[in-house]
Every structure is written in C-alpha cells, then in structure tokens.
Amino acid sequence: MSIVTGILKSSLGKKYIMAGTGALLLLFVIGHLIGNLQVFGPPELINNYAHFLQSKPVLVWSARLGLLVILVAHVTTAVQLAAMNRAARPVTYAPTENVSYGAKWASRYMLLSGLVVLAFIIYHLAHFTALVPGINGAEDFRKLRTVMHGQSVPDVYGMMIIGFQVWWVSLFYLIAQGLLFMHLQHGVSSAFQSFGFRNHVWWPRIETLTKIVTIAIFIGYALIPTAIYMRVVGADYADKVRAELKQDGTVSPAESPAAGKETH
Amino acid sequence: MKVKLKVWRQKDRNSPGEFKTYESPALNENMSFLEMLDVVNEELANKGEEPIAFDHDCREGICGTCSCVINGKPHGPHRGVATCQTYMRSFKDGDTIVVEPFRAKAFPIIKDLVVDRKALDRIQFAGGFISVRTGSAPDANSIPVPKENADLAMDAAQCIQCGACVAACKNASAMLFVAAKVSHLGLLPQGQPERYKRVKAMVAQMDAEGFGACTVTGSCEAVCPKEISLDFIARMNRDYAVALLKGDPKPISGGGAG
Ligand code: FES
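Residues numbered from 1 in each chain as written. Chains lettered and ligands numbered in written order. Predicted model: local features only at pLDDT ≥ 70, side-chain atom pairs only at ≥ 80, totals over all residues.

Examining the overall build of chain B
Secondary structure assignment for chain B yields eight helices and seven strands. The dimensions of chain B, computed from C-alpha atoms along their principal axes, are 80 × 40 × 35 Å. Going through the 258 residues of chain B one by one, you find that 45% of them count as buried. At a minimum sequence separation of 6, the contacts of chain B that also span at least 24 residues come to 71%. (Helix = DSSP H or I, 4+ residues; strand = E, 2+ residues; numbered from the N terminus. Buried ≥ 20, exposed ≤ 12 C-beta atoms within 10 Å, placed from the backbone. Contact = placed C-beta atoms within 7 Å.)

Below, the structure is given as structure tokens:
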C-alpha cells in the first residue's frame, strides 16, 4: 500500500487529512485575526494593509486558491468520515441520559459546528470580499472607496465599521465565532492526537495550549464586532462616510437594500 | 429488592428486535447483574417463555465475554468494571433498567443480548502476533526491557477484547481495541520485527470490518473495564504514520546470499 492510498483510503489516514488541513486553517485564522485587529488603529492602518494585499495579486490569489483546496479537503473528508461513522452503527441505542459518558459536548457535534462555520465563511466572503450588495443590511459596500498612495482602493475600515453597526450582522458573527471556538476547542487538541503527539505527560499541556489559543482567538474576533456595534470604535468615521454618501447623491441608506434586491 | 427490566429481544440475526419489559422476582442486592438475569431467566423458563440470551463466561472480570449496554452505558454504571462485576446494589429498588446488546454494524446480533464479536478476532489474526523461536522457554530477563515500556505494555495488554469501546463510541470505532493490541506488542522488543507491518495490517482489517473512525470523544476510555488510555490510540496513529512513510520495503538486488 502506497502512502497516498494509505492516507486517502484508511480511517487513520483520513484523520491525518483532517488534522493537517485543520492545522493549516488554524494558521490562517490566526493570521487573519492579526490582520483584522488593525481596525483598532487609525483608518489608514487597515486600509494600508488592504492596499498592500491588493498590490500583490499573485500572492493573494495563490493564497486564496491554496485555502480553497485546503478547505475543500477538510470538508469533503469530514463528510466522508461522518458517512462512514454513521454506517458503522445502523441501529442506534434507546435514548437515555447516559449517552455521552466521558465525551465532551464539543466532540460530539464537530460536524454540526463545522457546517455552521462553513455557512458563515460563505456569508463572510459575500459580505466583505465579493461585496454582494443587499446582504449586509447597510450601504452598498462597492461605493465605499478611499485613496491610498494615490490609488483608489476599497475603504475596508469604512466597510467594517458600517457593516458591524448592523445588529444582526454582528450577532451572526458572534454566533459563528462561538461555534468556531467550540470546533477548535476539540479540533486543536485532537489534531495532536491524530498525528500521534500525545502521552500522559504531554496531553495536559496540549489541552492547556488549546485552551489558551482558542480563547485568545475567540476574544480577538468577538472584540471587533462588539466594539464597533457599541460605537467604541470608528463611530464618527461611520457617520462621516454616511453623510458623504448622502451628499454625493450616489446612494442613500434607505434605498440601498432595494437596490441590492434588484441585482439579485 | 425488585427491578423492572426493559430488555432487547431478538430471535436471530435477521429478525427484527424489540424491547420487552419484565418484572424481576425478589432479588438479593448482592447478586451480580448476570445472576439477576439468571434468576429472571429461571422464572421465564418456568413460565414456558424463552429465556433472555446473554454472553458470560468467567464472571470475574477477566475474560471479556460479558457485554450488555445497561442504561445506555456499556458494562453498566461504574468505571473500570465489567458487567459481570456489577452488582444489584448499584441500582435502586423499583428501578427500570434498560438492557441492550452492543450495537455496531461489525457486531451482528446473534440473539437477544449476544453479539458476534469475531470481527475483533479477525483483526487480531491480521497482525496481533509475534514471531518466536519454538522450543524451550528462554531464560527470564534475557532480553532487557525498559521498566517504563514494560509497564506501558502491561497497561495495553490488560485489554480483554470485550468490545465495549466499540459499543460506547458514537462512531462504533474499534480504535481503542486495535491501539491496545498494536501498542502492547509494539512496545516490547519481541514485537519489533513485525511492528510496522502489524499496524498496517490491523488497521486495514479494522477498516474492512466496517468500524468507524476516531473523533477523540473519550467515551471508549470511560467505559473500558480495564481503563485503557486514549494515549494508546495516539501511539497507534504515530506507528501507522511511520509505517506509511517507510513504505513497503523491497529487496534492492535479485536476492539470494551472494
Ligand atoms: S464474564 Fe468474563 S469478564 Fe465478565
């Protein structure tokens, strides 16, 4: 049996795929968080970062492609494993309160938490990357632009501030972060287990590391919509942008949802 | 004391099964769970009904023959205790106790609470052995074994192959069993010659039998009557990865001694 069939076909190999792709996605989640935390600085900071990314299309597109491949591998393997696991017990037990002895809640609902996070990723891409109008409950984000180094670039700071001032958007982001937290709490430590890095000395350390990393990620990501919604960050900027948009006559907040509907 | 039993009754592999409820006769609370079933069966037999079929042998927690999922938990309410060592004093007078067979596609039901666990034997046949010289027994301690390895190997060797790990796992995965066997032999010098072949062969057989994969929920560890640790699954994962990386070695010349 070659290493490729061993990894693709065996139950252990599929867990290596889950652990490996999961680890790469975790790295992205951490990097993405660091990038986004720049919203707590002046508007120029994160817009400059956006401008930097935009000026490196090859880099950005290869990263996007890589992430897509990793995500697809993670999700398809998860679905395959779930089907295999379900088939392994065709007749289920009578329901009792005893079902989960020893098993943490997060570990029993990895597929569910993962699928909700996947749905969130799709919304998040439509929201801030594709800038699909009409799904953000606010302005048409394509109209928010600013000038950086003499070039017209998307006003990422404005989009984030205006976007998260919408209560249901912020709420959805918080729920998704909660589920991601749950998913990672089990996923990060289990990835070590799947690759075989575990013994009675290291397991408590791995669990502590998992706790620190997942709590830090949750707090970091939850802080952004919360601070913006509570008008702690960028409230004046948002009001200014809204006023400008109204003056230009290009778009008024009342019209934008309807405009969004037409394009759908 | 008296209890009410809600027991899974199934005539054979192909008939549909269902729960039936029975009232136990008066019981001594120091009876074991299996003795309680004996008493209930005696009464059923006297009434001309079919007794409840269940697996048992040593009744002292060492053979791994007894099974049963009691109130949703394989081997009943305690940690590190098999069904045969579970006593009626762990239940209350008037309790309703739900008794089911171990459920997994790889464990077809033979009758009532008896399931066919030969899938585990087939995994053992695939690689759970070592090659030794036959003849007189070797001198004790002729092969040095580090104390830690000997201890760990003994922990893994405690597995009595009852299949409770499969019954408990939400994925009906046999990882804990296979990991215990792979680790037991892989930790000792005598198990080294086949170490990597063994893990590949046993995992391949495990997958072929239709067991699920590991989600690291830890329920297998929680119900194991011998409290085998999840650490061994990590050890198996590690050995399997090394085995895949090593590949299948082939002779590089035409063979022969020269
Ligand atoms: S009957 Fe032998 S372990 Fe229970």
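Topic: the nonpolar core
The biggest cluster of nonpolar side chains holds 114 residues, and the ones touching the most others in it are B:Cys165, B:Val166, B:Ala174, B:Leu176 and B:Val178. In terms of residue count, the dominant contributor to this core is helix 8 (residues 167-194) of chain A (10 residues). Of the domains in this structure, domain 1 (4-111) and domain 2 (118-246) of chain B are the two that each give at least three residues to this core. When near neighbours in sequence (up to four residues on either side) are disregarded, B:Val178 contacts B:Ile123, B:Met202, B:Val203, B:Met206 and B:Met236. (Core = buried A, V, L, I, M, F, W, Y, C linked by C-beta atoms within 7 Å. Domains from an automatic or database assignment.)

Some thoughts on the interface of chain B and chain A
The interface of chain B with chain A comprises 43 residues on the first partner and 40 residues on the second. Listing elements by their share of the side of chain B that touches chain A, those giving two or more residues are strand 5 (96-100), helix 6 (195-208), helix 7 (219-223) and helix 8 (231-246) of chain B. Per-element tally for the side of chain B that touches chain A: the top contributor is helix 8 of chain B, with 10 residues. A per-class count over the side of chain B that touches chain A returns 19 nonpolar, 12 polar and 12 charged. (Nonpolar A, V, L, I, M, F, W, Y, C, P; charged D, E, K, R; others polar.)

Quick look at the packing of helix 2 (residues 11-36) of chain A against helix 9 (residues 202-229) of chain A
All names here are of chain A. It is the contact of helix 2 with helix 9, at a shortest axis distance of 10 Å, that shows an interaxial angle of 40°. The angle between the axes of helix 2 and helix 9 places the two elements in the oblique class. Seen along the crossing, helix 2 lies across helix 9 with a hand that is left-handed. Within the contact between the two elements, helix 2 uses Val29, Ile30, Leu33 and Asn36 and helix 9 uses Ile217, Gly220, Tyr221 and Ile224. (Axes fitted to C-alpha atoms, helices over the stretch in contact; angles between N-to-C directions. Parallel < 35°, antiparallel > 145°, perpendicular 65-115°, else oblique. Left-handed = near helix turned anticlockwise from the far one by under 90°.)

Some thoughts on the environment of A:Leu12
With respect to the helices and strands, the residue A:Leu12 is situated in helix 2. When the C-alpha atoms of A:Leu12 and A:Phe195 are compared, they prove to be 9.2 Å apart, with 183 residues separating the residues in sequence. Those residues in contact with A:Leu12, other than ones at most four positions away along the chain, are B:Val203, B:Asn237 and B:Tyr240.

Description of unusual backbone geometry
Residue and element names in this part refer to chain A. Unusually for a residue other than glycine, His149 sits at a positive phi of about 50°. Along the polypeptide, His149 turns up in the loop between strand 1 (145-148) and strand 2 (151-154). Residue Arg231 is not a glycine yet carries a positive backbone phi of 60°.

What to know about the pairing of strand 2 (residues 18-23) of chain B
Residue and element names in this part refer to chain B. Counting buried positions along strand 2 gives zero out of six residues, so the element sits mostly on the surface. For strand 1 (residues 4-9) and strand 2, the ladder comprises six bridges, and the chain directions are antiparallel. Looking at strand 2, one finds that Lys4 is bridged to Glu23. (Pairing = 2+ DSSP bridges.)

Quick notes on helix 8 of chain B
In this model helix 8 of chain B runs 23 Å from its N-terminal to its C-terminal C-alpha over 16 residues, within 8% of the 22 Å that 1.5 Å per residue would give. Judged by how many residues are buried, helix 8 of chain B sits mostly within the fold: 12 of 16 residues are covered. Of the positions making up helix 8 of chain B, those classed as buried are B:Asp231, B:Phe232, B:Ile233, B:Ala234, B:Arg235, B:Met236, B:Asn237, B:Asp239, B:Tyr240, B:Ala241, B:Ala243 and B:Leu244. On the buried face of helix 8 of chain B, the contacting elements are helix 1 (3-9), helix 2 and helix 8 of chain A together with helix 3 (147-157), helix 5 (175-186) and helix 6 of chain B. Just downstream of helix 8 of chain B, B:Gly247 is the residue with a positive phi angle, here 70°. (Expected span 1.5 Å × (residues − 1).)

Side note on the environment of B:Gly76
Residues and elements named next belong to chain B. Inspection of the secondary structure puts Gly76 in the loop between strand 4 (73-74) and strand 5. Residue class for Gly76 comes out buried when judged on the 24 C-beta atoms lying within 10 Å of it. The sequence separation of Gly76 and Ala140 amounts to 64 residues, and the corresponding C-alpha distance is 40 Å.

By themselves, these figures tell us nothing about what the structure is for.
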